[in-house]
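As a plain string of letters, each chain reads:
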Amino acid sequence: MREWFLSREPRERVILVVAAILTLGVLLHMVIVEPLTEASRRAVRLEESRQATLVWLKSALRELDSLRGRQSTAPAAGGQSLLSLVDRTARQAGLRDRLKKVEPRGSQQAQLWFEEVPFDRLVSWLGELHGRHGYRVVSITIDRQEGEGLVNARLLIGLPK
C-alpha cells in the first residue's frame, strides 16, 4: 500500500491524505460524538419528563390532602349514630329487609351482613354513605347468588382515620 501511495503524483497524495483525514473525522463523529450527543438529549428529555411527573404528583398530593381535609372536617352522619344512620339510609334505599345483621365495631365502625341484595343498589347506597356522610368501606366480601344481580355481602364500614 505504501508503494502504491508513493507512486502517486504529489497532488494526488495530498488529495488522498485530505480524504483520509475527512473520512476519519466523519467516522469519529458518527461513532463517538453523535451517540454521546443523542444520549445527552435522551437524558435531558427523561429529566424533563421526570420533573413534569413530579410537578403533577405534587399537585395530586395537594388535591388529595385537600379532599381528605374536607372529608374529615365534614360532620359524620350529622351527629347521628352510625347504627341509626345505617338503618335510616338502608330503609330509604330499599335495602332494610336485605340487611340481616348489624354489629357495631367501636363508635365509628360497623359490620354489616346483607343477603340477596341487588348489587347495583348496594353499591349506590355505599356511594351515598361515603359521599354524604363520610363513611367508607373498610373491607368487603361479596358472593354471587342465584338471582340475576343478587349478592350476599359482608362489609365493614367506618370513618377514615
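That block above? That's the structure.
Residues numbered from 1 in each chain as written. Predicted model: local features only at pLDDT ≥ 70, side-chain atom pairs only at ≥ 80, totals over all residues. Heavy atoms only, no water.

A. Seen up close, the overall build of the protein chain. Within the protein chain one finds four helices and four strands. Moving toward the C terminus, one meets the helices and strands of the protein chain in the order α-α-α-β-β-α-β-β. For the protein chain, the C-alpha radius of gyration of 36 Å lies well beyond 15 Å, the compact-globule estimate for 161 residues. Judged by the C-alpha coordinates and their principal axes, the protein chain covers about 110 × 40 × 25 Å. When each of the 161 residues of the protein chain is scored for burial, the buried share is 18%. Pairs at least 24 apart in sequence give 53% of the contacts found in the protein chain among residues at least 6 apart. Accessible area for the protein chain stands at about 11,900 Å²; split by element, carbon and sulfur atoms hold 58% of it. Separation between the mean location of the 25 positive side-chain charges and that of the 19 negative ones in the protein chain comes to 5 Å. (Helix = DSSP H or I, 4+ residues; strand = E, 2+ residues; numbered from the N terminus. Rg over C-alpha atoms; globule rule 2.2 N^0.38 Å. Buried < 20%, exposed > 50% of the residue type's maximum accessible area, 1.4 Å probe, protein only. Contact = heavy atoms within 4.5 Å. Areas by Shrake-Rupley, 256 points an atom, 1.4 Å probe, with all protein chains shown as cover. Lys, Arg positive; Asp, Glu negative; His and termini not counted. Charge placed at Lys NZ, Arg CZ, Asp CG, Glu CD.)

B. Representation of the pairing of strand β4 (residues 150-158). The buried fraction of β4 amounts to seven of the nine residues, a majority that puts the element mostly inside the structure. As defined by bridge partners, strand β2 (residues 109-118) adjoins β4 across eight bridges and the pair is classed as antiparallel. Bridged to L112 within β4 is L155. Direction of pairing for strand β3 (residues 136-144) relative to β4: antiparallel, over a ladder of eight bridges. (Pairing = 2+ DSSP bridges.)

C. Just the packing of helix α3 (residues 82-92) against helix α4 (residues 119-133), in detail. Contact geometry for α3 and α4: axes closest at 10 Å, N-to-C directions at 130 degrees. Overall, the two elements α3 and α4 adopt an arrangement that is oblique. Classified by chirality, the crossing of α4 by α3 is right-handed. Side by side, α3 and α4 meet where L85, V86, R88, T89, A90 and Q92 of the first sit next to W125, E128, L129 and H133 of the second. Here the residues of the contact of α3 with α4 sort into five nonpolar, three polar and two charged. (Axes fitted to C-alpha atoms, helices over the stretch in contact; angles between N-to-C directions. Parallel < 35°, antiparallel > 145°, perpendicular 65-115°, else oblique. Left-handed = near helix turned anticlockwise from the far one by under 90°. Nonpolar A, V, L, I, M, F, W, Y, C, P; charged D, E, K, R; others polar.)

D. Representation of the pattern of salt bridges in the model. This model, assessed by the stated rule, comprises eight salt bridges. Here E128 and R132 are joined by a salt bridge, their closest N and O atoms 3.7 Å apart. Of the two residues, E128 and R132 both sit in helix α4, four residues apart, roughly one turn of that helix. Via salt bridges that share partners, E38, R41, R42 and R45 belong to a single interconnected network. (Salt bridge = Lys/Arg side-chain N within 4 Å of Asp/Glu carboxyl O.)

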